[in-house]
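The chain contents come next:
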Amino acid sequence: MQANDAVIIDAVRTPVGRKKGSLSQTRPDEMAAHVLKKLVERNQLNPAEVEDIKMGCVTQIGEQGSNIGRMAGLIAGFPVEVCGVSVNRMCASSLETLAQGAHAIMAGMSDCVIAAGVESMNRVPMGTDGGNFSDKLLDQHTIIPQGFSAELIAERWELKREELDEFSYQSHQKAARAQEEGRFDNEIVYIEGKNKEGETFLMNMDETPRPSTSPEALGNLNPAFRPDGVVTAGNSSQISDGAAAVLLASRKKAEELGLKPRARVVATALAGVDPEIMLTGIIPATEKVLKKAGLNIKDIDIFEVNEAFASVVLSWQKDTGADLEKVNPNGGAIALGHPLGGSGARIIATMVNELERSGGRYGLATMCIGFGMASAVIIEREGA
């Protein structure tokens with residue numbers, strides 16, 4: 001143990017709201033503020049101890065613009081001395097804030113940081129922050145929508161429609177089981193939502209899993225990107241709303257504040273790949289982060305691989321040889337939703353709790369990123 005180990009004290013998240021769902025009328029800056037406030041409250045931490053709020057957010061425009069990291073801190077009532085920054089590494093934005101916070105702590109430049117993320121895909125539609133691509137970019141690279149990349153992956157790895165739909169069905173089943181068994185209870189902080197009738201209620205669980213779906217129902221959906229394709233809305237991640245936050249500190253600072261670490265950040269890694277097939281970066285990112293940690297694939301007890309598309313996870317599994325039983329044991333983004341900027345921190349919250357529940361030691365989280373990048377993080381449960 002080192003005094004400047006980057007340790008995870010706690011991690012919380014909102015329930016995830018579905019497309020046109022119960023969080024669609026909640027401002028993203030207020031949703032982000034909610035998890036910040038709940039995180040410090042339940043750890044009895046004076047928010048003045050937090051040096052920086054690092055907020056992942058992809059579509060930084062409108063209600064998600066004006067440095068939402070700073071805005072959320074002010075809304076949450078943090079002292080004005082606590083700074084905030086907004087980070088965009090697309091789908092892995094809040095996995096990036098975790099990495100940046102851990103790096104600052106490990107380097108001795110920070111002692112206490114919140115790594116968070118938020119996205120309201122209902123209120124701030126994906127892609128509305130972008131313009132036309134540069135001609136110089138298009139002269140050098142083939143840029144296509146992610147769904148077409150998911151089709152290319154399915155074709156290259158010879159993944160059949162039935163495999164993708166079965167994986168998606170299992171994601172919903174695992175998420176429903178996790179809800180029934182209360183596996184998310186320790187990470188979810190209640191938040192006010194509005195039902196279809198416009199009535200306010202206290203939302204305490206994800207509304208995205210569909211336990212009643214079936215492989216047959218998923219098989220009846222039309223391809224979303226190519227008429228002869230295998231990628232559908234059912235084997236892709238969901239449009240959703242949500243926020244999450246992770247409290248990071250140095251081991252020394254945690255001891256000073258009387259905070260008990262739950263996990264340690266072991267290693268982080270990034271990888272870049274061809275922007276055309278773009279979503280395969282999780283394969284080299286996994287290899288890199290394992291090498292940095294001095295571990296191999298069999299040492300990992302829990303994998304959280306973001307289910308942007310079923311083809312992404314299944315191609316990763318084929319190349320890495322990871323045990324699929326260890327992958328997303330409580331479901332993934334196909335069932336739980338993918339509120340872009342908030343997903344990385346959500347994955348970490350779920351992984352910390354699952355390591356504690358199962359008694360596992362190491363967890364590896366990895367996420368594909370638009371335009372050909374990926375991020376990966378390995379954590380170790382305290383006391384393992």
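Residues numbered from 1 in each chain as written. Predicted model: local features only at pLDDT ≥ 70, side-chain atom pairs only at ≥ 80, totals over all residues. Heavy atoms only, no water.

## Some points on the packing of helix 6 (residues 161-180) against helix 10 (residues 310-320)
So, point 1. In contact at an axis separation of 9 Å, helix 6 and helix 10 are set at 100° when each is read in the N-to-C sense. As summarised for this structure, helix 6 and helix 10 are arranged roughly perpendicular, according to the angle between their axes. Facing Glu-163, Leu-164, Phe-167 and Ser-168 of helix 6, the residues of helix 10 in contact are Ala-310, Ser-311, Val-313 and Leu-314.
So, point 2. In terms of residue class, the contact of helix 6 with helix 10 is built from five nonpolar, two polar and one charged. (Axes fitted to C-alpha atoms, helices over the stretch in contact; angles between N-to-C directions. Helix = DSSP H or I, 4+ residues; strand = E, 2+ residues; numbered from the N terminus. Parallel < 35°, antiparallel > 145°, perpendicular 65-115°, else oblique. Contact = heavy atoms within 4.5 Å. Nonpolar A, V, L, I, M, F, W, Y, C, P; charged D, E, K, R; others polar.)

## Observations concerning the environment of Ala-254
So, point 1. Structurally, the position occupied by Ala-254 is in helix 8 (residues 251-257).
So, point 2. A sequence separation of 245 residues divides Ala-254 from Ile-9, and the C-alpha atoms of the two residues are 7.8 Å apart.
So, point 3. In this view, Ala-254 contacts Val-7, Ile-9, Ala-249, Leu-259 and Pro-261; residues no more than four positions away in its chain are not counted.

## Some details on the pairing of strand 6 (residues 191-194)
So, point 1. Every second residue of strand 6 is oriented toward a common face, the buried set being Ile-191 and Gly-193 and the non-buried set Glu-192 and Lys-194.
So, point 2. Relative to strand 7 (residues 200-203), strand 6 runs antiparallel, the two sharing four bridges. Looking at the pairing, Lys-194 lines up with Thr-200 of strand 7.
So, point 3. What sits between the antiparallel neighbours strand 6 and strand 7 is a turn of five residues, in which Gly-198 has the positive phi angle 85°. (Buried < 20%, exposed > 50% of the residue type's maximum accessible area, 1.4 Å probe, protein only. Pairing = 2+ DSSP bridges.)

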